[in-house]
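# Understanding the architecture of this molecule
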Amino acid sequence: PPLELLQAAVDSVRNQVYSNWELCIADDASTDLTVREYLLRLGDEPRVRVCVREANGNISRATNSAAELARGEFLVLLDQDDLLTPDALAEIALCVRAQAHADIVYSDDDKIDSSGRRFAPQFKPDWSPELLLGYMYFSHVFVVRRDLYTRVGGMRVGFEGSQDYDFALRATEHARAIAHIPQVLYHWRVLPGSTAASGAAKPASFEAGRRAVQEALDRRGIGAKAQQPEWARKANVGIFGIAFPDDGPEVSIIIPTRNGLPILRRCIDSLAQTTYRNYEVIVIDNDSDDPATIEYFKSLPHRVERISNPHGRFNFAFINNRAAERARGDLLLFLNNDTEVIEPRWLSQMVGYAGV
């Protein structure tokens, strides 16, 4: 790395208000002798541990080498040119003390350029397994209990560029709890040629990310295909989608209506493009009195259940509950009569995510 940026990263650890830390650095066969000399001098400090790799092994092997030096209960992953905020480790320590079963912790972050300007903050949700299947939203700061890191085998060679994403997918499958600190604790350095600036800098990382998602689906017994959408490829972002199959448990689509023939017809007609195969449609006739609508009901190949309002007053919950009692599907999908399906695989995707 540029020496001055490496020094800044190290100083961001030295400047922590929390003092119970160690810094574990793996030099991955640096060719810049000034970098190696700086690291060897760092190794004289009691809280700094340095190993020098004689052969370049890329980021996965280098990260694992650094992790092997660690004695702490938790590992905080820090890139060579990024910065921790002064309170980062203190907030992490408070979090894991308050949430004793947390094996993984992540925080919000932002980006920082070479002039020190901070921008593009990422305010993340709390733990969302579905979102993690879409992209590596943990990003930084990313913290993992050391025994979990070891148990799942650390970073995997062959996933470089998305090695932390692959690790996060594997580690979260075994974590007892995952905690989010809703504070910016990490500044991600943006330099020309870095993925922080654009994913186009490392296009192979996209395929590594897609493979990481596919292997996660395979491990979990989910018969689906991971893919990078065309819009994500054009935008050079590591965001992925899951194509779920068109078969699965039966779904009962419940559509309440009272008259409203034009909008109901549009809704019903749009269902014909649905690629998912195992579903039934139940139209709730809520006391329709329009002759054309009643004739339309007779022409439908779907079930029509006449359910009247209780006590003569409209009760949306009541009519849907009664229809649900008459449904035979494993899943219930409540669809307003004034909606229209525009994506043929809509139901395949909803059923798929219901089973993730």
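Placed above this text is the structure.
Since we're looking at a predicted model, the values are computed, not measured.

### Things to note about the overall build of the chain
- Along its length, the chain carries 13 helices and 14 strands.
- Against the 2.2 N^0.38 benchmark of 21 Å for 356 residues, the chain shows a C-alpha radius of gyration of 27 Å, more extended than a compact globule.
- Along the three orthogonal principal directions, the C-alpha set of the chain runs to about 90 × 40 × 40 Å.
- Within the span of the chain, comprising 356 residues, buried residues form 48% of the whole.
- For the chain, the proportion of contacts with a sequence separation of at least 24, taken over those separated by at least 6, is 71%.
- Entry remark: accessible area of the chain is about 17500 Å², with carbon and sulfur atoms responsible for 52%.

### Considerations on the environment of Asp246
- Here Asp246 lies in the loop between strand 10 (241–243) and strand 11 (251–257).
- Spatially, the C-alpha atoms of Asp246 and Thr275 are 6.1 Å apart, while their sequence positions differ by 29 residues.
- Residues within four places of Asp246 in sequence aside, it is in contact with Thr275, Tyr276, Arg277, Arg345 and Ser348.
- A polar contact is formed between the side chain of Asp246 and the side chain of Thr275, at a distance of 3.0 Å.

### Quick look at helix 4 (residues 88–98)
- When we look at burial in helix 4, the residues that qualify are Ala88, Leu89, Ala90, Ile92, Ala93, Cys95 and Val96.
- Of the surrounding secondary structure, the elements contacted by the buried residues of helix 4 are strand 3 (74–77), strand 4 (83–84), strand 5 (102–112), strand 7 (142–145) and strand 8 (177–189).

### Quick notes on the pairing of strand 12 (residues 279–285)
- Burial analysis of strand 12 places six of its seven residues in the buried class, the great majority of the element.
- With respect to chirality, the unit in which strand 11 leads through helix 10 (residues 261–270) into the neighbouring parallel strand 12 is right-handed.
- Here four bridges tie strand 12 to strand 13 (residues 303–306), and the two strands are oriented parallel to one another. When the bridges of strand 13 are listed, Ile284 appears paired with Glu305.
- Read as a crossover between parallel neighbours, the route from strand 12 over helix 11 (residues 291–299) to strand 13 is right-handed.

### Points about the nonpolar core
- Judged by nonpolar contacts, the single largest core of 35 residues is most densely connected at Ile104 and Phe138.
- Mapped onto this core, the elements with two or more residues apiece are strand 3, strand 5, strand 7, helix 6 (146–151), helix 7 (163–172) and helix 8 (204–219).
- Among all residues touching Ile104, those that are not within four sequence positions of it are Phe138, Phe142, Val143, Val144, Leu148, Ala171, Thr172, Ala175, Ala177, Ile178 and Ala179.

### Considering the pattern of salt bridges
- If you walk through the whole model with that rule in mind, you get 31 salt bridges.
- Residue Glu173 is joined to Arg220 by a salt bridge in which the shortest nitrogen-to-oxygen separation is 2.8 Å. You can see Glu173 sitting in the loop between helix 7 and strand 8 and its partner Arg220 sitting in the loop between helix 8 and strand 9 (225–227), a full 47 residues away along the chain.
- Arg303 serves as the salt-bridge partner of Glu280, at 3.0 Å between the closest nitrogen and oxygen.

### Notes on the sheet that holds strand 13
- One open sheet holds the four strands; their spatial order is 13-12-11-14, and the pairing between them is parallel. Both edges of this open sheet fall to strand 13 and strand 14 (331–334), since each of them pairs with a single strand only. For this sheet the average axis-to-axis angle between neighbouring strands, irrespective of direction, equals 25 degrees.
- Here helix 12 (residues 316–326) sits on the sheet and contacts strand 11, strand 12, strand 13 and strand 14; the angle it forms with strand 11, its principal contact strand, is near 145 degrees.

### Some points on the packing of aromatic side chains
- Tallied over the full model, the rule gives 11 aromatic pairs.
- Ring geometry for Tyr135 versus Tyr137: centroids 6.4 Å apart, planes at 55 degrees, classification tilted.
- A centroid spacing of 6.1 Å and a plane angle of 20 degrees characterise the contact between Tyr165 and Phe240, whose relative ring orientation is stacked. With Tyr165 in helix 7 and Phe240 in the loop between helix 9 (230–235) and strand 10, this residue pair connects regions lying 75 residues apart in the sequence.

### Regarding unusual backbone geometry
- Note the cis peptide between His140 and Val141, where omega equals -5 degrees.
- Note on placement: Val141 falls in the loop between helix 5 (129–132) and strand 7.
- Notably, Ser139 is not glycine yet its phi reads approximately 50 degrees, a positive angle.
- Topologically, Ser139 is positioned in the loop between helix 5 and strand 7.

### A word on the pairing of strand 5
- The element strand 5 is extensively covered by neighbouring structure, given that 11 of its 11 residues are classed as buried.
- In terms of strand pairing, strand 5 meets strand 8 through nine bridges, oriented parallel. By the bridge assignment for strand 8, Tyr106 is matched with His180.
- Here strand 5 pairs with strand 7 via three bridges, running antiparallel. Note on strand 7: the bridge partner recorded for Tyr106 is Phe142.
- Where strand 5 lies against strand 6 (residues 118–122), three bridges are found, and the strand directions are antiparallel. What sits directly across from Ile112, in strand 6, is Arg118.
- The turn joining strand 5 and strand 6, which pair antiparallel and follow one another in sequence, is formed by five residues; a positive phi near 90 degrees is taken by Gly116.

Basis of the calculations
Residues numbered from 1 in each chain as written. Predicted model: local features only at pLDDT ≥ 70, side-chain atom pairs only at ≥ 80, totals over all residues. Heavy atoms only, no water. Helix = DSSP H or I, 4+ residues; strand = E, 2+ residues; numbered from the N terminus. Rg over C-alpha atoms; globule rule 2.2 N^0.38 Å. Buried < 20%, exposed > 50% of the residue type's maximum accessible area, 1.4 Å probe, protein only. Contact = heavy atoms within 4.5 Å. Areas by Shrake-Rupley, 256 points an atom, 1.4 Å probe, with all protein chains shown as cover. Polar contact = N/O pair within 3.5 Å; in protein donor to acceptor, adjacent residues only side chain to side chain. Right-handed = clockwise from strand over helix to strand, strands pointing away. Pairing = 2+ DSSP bridges. Core = buried A, V, L, I, M, F, W, Y, C linked by side-chain atoms within 4.5 Å. Salt bridge = Lys/Arg side-chain N within 4 Å of Asp/Glu carboxyl O. Axes fitted to C-alpha atoms, helices over the stretch in contact; angles between N-to-C directions. Phe/Tyr/Trp six-rings, centres within 6.5 Å; stacked < 30°, edge-to-face > 60°.

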